[in-house]
Amino acid sequence: MNEKLSNVPVIGVILFAVLGSLWFVGGISGNEERGNDMTVAQTDDKKDGTSMIVAGGCFWCVESDLEKVPGVAEVVSGYSGGNSANPTYENYAQGGHREVVRIDYDPELVAYRELLEYFLKHIDPTDGEGSFGDRGKQYSPAIYYDNAKEKEIAESVLAEIEKSGVFDKPLDVPVLPREKFWPAEEYHQDYYKKSSLKYFFYRKASGRDSFIEKHWGEKADILPGKTPEEKKDAENSSRWQNYKKPSDAVLRDRLSPLEYKVTQKEGTEPAFDNEYWDNKEEGIYVDVVSGEPLFSSRDKFKSGTGWPSFTKPLEPEHIVERSDYKLFSKRTEVRSKYADSHLGHVFDDGPPPTGLRYCLNSAALRFIPKEKLAAEGYGEYLKLFE
């Protein structure tokens, strides 16, 4: 960790100096934290199912980005590509290894190509000498293929991005045969969760997020799932395609003060004191402004947070996700597509099968019981409850 922090841009140093007192929250510095656990997990090259190995600089960042993708079961930070056995954080670079992640995923839910595209949108694929503030081969990007088909797909994806003109420099991501994977020390795993404040400072100062925003904008946050053709067909068939959001004056008049505060000003209602947190009826939840269908009671679960929580959207095309740094750590805000209502946030601590928790505000939703679906024009969702 100290090596990473010493390589962030000057602006990052200033940021750390200003907020330095927060850096040692709980009295634990990076060196002390590293000294608490020097054990290295046992080599675990492949698990049952499908996995892939990629390198994109700091494995804390790559892990946090890829773990949010539906269909990804686990992301493990580690080392690979070198010629030394049992590498540790202190010596992996000397052994020729890169910082990598192993992504375990379900190919029925997300395709290899989709994961690669999402991965490449969240790194700098033009820098073969390092990654943002971290310099050296150990931080350089790479894709490790397991077979000829994966190699072909990887080269195709890189060629498509090169041709798109998104970057003004050529891509520099080698496609290499997969080699032995060595899991990193335990304290590196899910670092963005364990040390969220430190991780936030590091990531912000590295310039990773500003680089992603500059080159991809909102396209970077589109999670894999359907092909572009399927998404286009879904959008074209949606009755909300031509929906026009009312003026602010109309919304103030139409919505309750709490509904307006939550949906238009990104407010948060009280936990355990809102309409749907404990609702157990069958039906669907729609946007309180537009009526676009968002979530189903079939995917609702009791999270213990005091807000309605769901494992997945009913209509993924109606959900927009954006990065949110308001609480000094990166969160993922959830908004409705057509009404652009603030709904809540999504977290990766939910139950199977997705591992996600869409934590929403009741004030942003309207519940339609299953017996009223047909009468209110949502008859196509009755099949969910047969």
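Please read these numbers as outputs of a predicted model, since none were measured by experiment.

Bridge count between strand β9 (residues 283-287) and strand β10 (residues 293-296): 3 bridges; the pairing is antiparallel. Paired with Tyr 285 across the two strands is Phe 295, which belongs to β10.

Here we have 3 strands laid out as an open sheet, ordered β10-β9-β17, and antiparallel in their pairing. The open sheet has two edge strands, β10 and β17 (365-369), and neither has a second partner. Across the sheet, the mean angle separating the axes of adjacent strands is 30° when strand polarity is ignored.

With that out of the way, let us pick up the side chain of Asn 279. The residue Asn 279 is located in the loop between α13 (257-265) and β9 in this model. Within polar-contact distance, the side chain of Asn 279 engages the side chain of Tyr 285 at 2.9 Å. Once residues within four sequence positions are removed from consideration, Asn 279 is found in contact with Tyr 285, Lys 300 and Phe 367.

With 83% of its residues at a pLDDT of 70 or more, the chain shows a mean pLDDT of 84. Low pLDDT (under 50) marks residues 10-44, which in the prediction has 57 contacts with non-local residues, meaning those over four places away or in another chain. Residue range residues 233-237 is modelled with pLDDT below 50. Its contacts to residues more than four positions away, or to other chains, number 5 contacts.

Looking now at the nonpolar core. The nonpolar side chains of soluble globular proteins are, as a tendency, buried together. Ranked by size, the top nonpolar core spans 49 residues in total, and within it Leu 66, Ile 103, Leu 115, Leu 120 and Ile 143 carry the most contacts. For this core, the leading source of residues is helix α6 (residues 112-120), giving 6 residues. Apart from the residues within four sequence positions on either side, Leu 115 is in contact with Met 52, Leu 66, Val 69, Val 72, Ile 103, Tyr 105 and Val 110. Formed by 17 residues, the second largest nonpolar core is a distinct cluster that contains Tyr 276, Leu 360, Ala 364 and Phe 367.

Between its terminal C-alpha atoms helix α7 (residues 148-164) stretches 24 Å, which fits the 24 Å expected from 17 residues at 1.5 Å a residue. Turning to α7, its buried residues are Glu 150, Ile 153, Ala 154, Val 157, Leu 158 and Ile 161. End-on view of α7: buried residues confined to an arc of 130°, all on one side of the axis. Seen from the open side of α7, the exposed residues pointing more than 90 degrees away from its buried face are Ala 148, Lys 149 and Lys 163. Looking at the packing, one finds that the buried side of α7 touches β1 (50-55), α6, β6 (142-145), β7 (175-177) and α10 (208-216). Between the side-chain oxygen of the N-cap and the backbone nitrogen of Lys 149 there are 3.2 Å, and the N-cap of α7 in question is Asn 147. Following α7 by one or two positions, Gly 165 has its phi on the positive side, about 80°.

Scoring rules and cut-offs
- Residues numbered from 1 in each chain as written.
- Predicted model: local features only at pLDDT ≥ 70, side-chain atom pairs only at ≥ 80, totals over all residues.
- Heavy atoms only, no water.
- Pairing = 2+ DSSP bridges.
- Helix = DSSP H or I, 4+ residues; strand = E, 2+ residues; numbered from the N terminus.
- Axes fitted to C-alpha atoms, helices over the stretch in contact; angles between N-to-C directions.
- Polar contact = N/O pair within 3.5 Å; in protein donor to acceptor, adjacent residues only side chain to side chain.
- Contact = heavy atoms within 4.5 Å.
- pLDDT = per-residue confidence, 0-100.
- Core = buried A, V, L, I, M, F, W, Y, C linked by side-chain atoms within 4.5 Å.
- Buried < 20%, exposed > 50% of the residue type's maximum accessible area, 1.4 Å probe, protein only.
- Expected span 1.5 Å × (residues − 1).
- Arc of directions from axis to C-beta.

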